[in-house]
Amino acid sequence: MKLGFIGLGIMGTPMATRLREGGHDLFVMSRRAAPQALVDAGAKACATAAEVARQSDVIFLMVPDTPDVEKVLFGPGGVAEGLSSVASGPDGGLGKIVVDMSSISPMATKDFAQRINALGELRDVLVPDRKRFHASFGLSNRRLKHAQALVDDGERIAAHAA
């Protein structure tokens, strides 16, 4: 599966590394350069979030705060730009999934999901049940296994979509 991961900080890098170790094609982007170990393991560094979105079936976001998520999704070169270019293509953007795992305002998350869905025929936007989702962040291994489960079980992703 082609996965995108945006936000390669303390939490994002180990999660992205685990996904790459799982054998997935991985397209990454962060404010700083992608960690060299991740690139050496086969992840492809992208210049923009739009490039990540164009290349990936599932796009994970793990950025610090609400304004950061909004910028990554809707700013110049953002995920929405990449999804829009795909939605106008021959496949109509079908099959794309955006998973925001950032700790942000639930109201903003719902707004962002509606704005992404308004772009066209995208598959789903995941808005995690924050209590259940954050409970999985107790230990690093649990967090990494949870991210892998989200990728491996598309039906479960769709079941939790807003």
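Here goes a summary of the coordinates provided. Everything numeric in this text was worked out from a predicted model, so none of it was measured.

### Description of the pattern of salt bridges
Applying the stated criterion across every chain yields a total of two salt bridges. Between Arg 115 and Glu 70 there is a salt bridge, with the nearest N and O atoms lying 3.1 Å from each other. Of this pair, Arg 115 sits in helix H6 (residues 106-117) while Glu 70 sits in helix H4 (residues 66-74), placing them 45 residues apart in sequence. Residue Arg 115 is classed as partly exposed on the basis of its relative accessible area of 30%. Via salt bridges that share partners, Glu 70, Asp 111 and Arg 115 belong to a single interconnected network.

### Details of the nonpolar core
Counting 21 residues, the largest nonpolar core has Ile 6, Ile 59, Leu 61, Leu 73 and Val 79 as its most contacted members. Mapped onto this core, the elements with two or more residues apiece are strand E2 (25-29), helix H3 (49-55), strand E4 (58-61), H4, helix H5 (79-87) and H6. Discounting residues that sit within four places of it in the chain, Ile 6 has contacts with Met 29, Ala 49, Val 52, Ile 59, Phe 60, Leu 61, Met 62, Val 63, Val 72 and Val 79. Ranked by size, the runner-up nonpolar core spans 17 residues in total, among them Ala 43, Ile 97, Val 99 and Met 101.

### Describing H6
Taking 1.5 Å of rise per residue, the twelve residues of H6 would be expected to cover 16 Å, and the 16 Å separating its terminal C-alpha atoms lies within 8% of that figure. Residues of H6 that are buried: Ala 108, Thr 109, Phe 112, Ala 113 and Ile 116. Projected onto a plane normal to the axis of H6, the buried residues spread over an arc of 140° and lie on a single side. For H6, exposure combined with an orientation more than 90 degrees from the buried face picks out Met 107, Lys 110 and Gln 114. You can read the cap of H6 off the contacts: a side-chain oxygen lies 3.3 Å from the backbone nitrogen of Met 107, and it is on Ser 105.

### Points about the packing of aromatic side chains
Scanning all chains against the criterion turns up two aromatic pairs. Taking the centre distance of 5.8 Å and the plane angle of 25° together, the rings of Phe 5 and Phe 60 count as stacked. Note that Phe 5 is positioned in strand E1 (residues 2-6) and Phe 60 in strand E4, a separation of 55 residues in sequence. In terms of burial, Phe 5 and Phe 60 fall into one category: buried. Considering the side-chain rings of Phe 74 and Phe 112, the 5.7 Å spacing of their centres and the 55° angle between planes classify their relative orientation as tilted. Taken together, the residues span a long stretch of sequence, with Phe 74 in helix H4 and Phe 112 in helix H6 at a distance of 38 residues. Judged by its relative accessible area of 23%, Phe 74 falls in the partly exposed class.

### Section: helix H1 (residues 12-21)
For H1, the full list of buried residues reads Gly 12, Thr 13, Met 15, Ala 16 and Leu 19. Angularly, the buried residues of H1 cover 165° about the axis, an arc narrow enough to put them on a single face. Downstream of H1 by a residue or two, Gly 23 has a phi angle that is positive, lying close to 95°.

### Overview of the environment of Thr 66
Structurally, Thr 66 can be placed in helix H4. Note on Thr 66: relative accessible area 18%, which makes it buried. In contact with Thr 66, not counting residues within four places along its chain, are Ile 104, Ser 105, Ala 108 and Phe 112.

So, how was this worked out
Residues numbered from 1 in each chain as written. Predicted model: local features only at pLDDT ≥ 70, side-chain atom pairs only at ≥ 80, totals over all residues. Heavy atoms only, no water. Salt bridge = Lys/Arg side-chain N within 4 Å of Asp/Glu carboxyl O. Helix = DSSP H or I, 4+ residues; strand = E, 2+ residues; numbered from the N terminus. Buried < 20%, exposed > 50% of the residue type's maximum accessible area, 1.4 Å probe, protein only. Core = buried A, V, L, I, M, F, W, Y, C linked by side-chain atoms within 4.5 Å. Contact = heavy atoms within 4.5 Å. Expected span 1.5 Å × (residues − 1). Arc of directions from axis to C-beta. Polar contact = N/O pair within 3.5 Å; in protein donor to acceptor, adjacent residues only side chain to side chain. Phe/Tyr/Trp six-rings, centres within 6.5 Å; stacked < 30°, edge-to-face > 60°.

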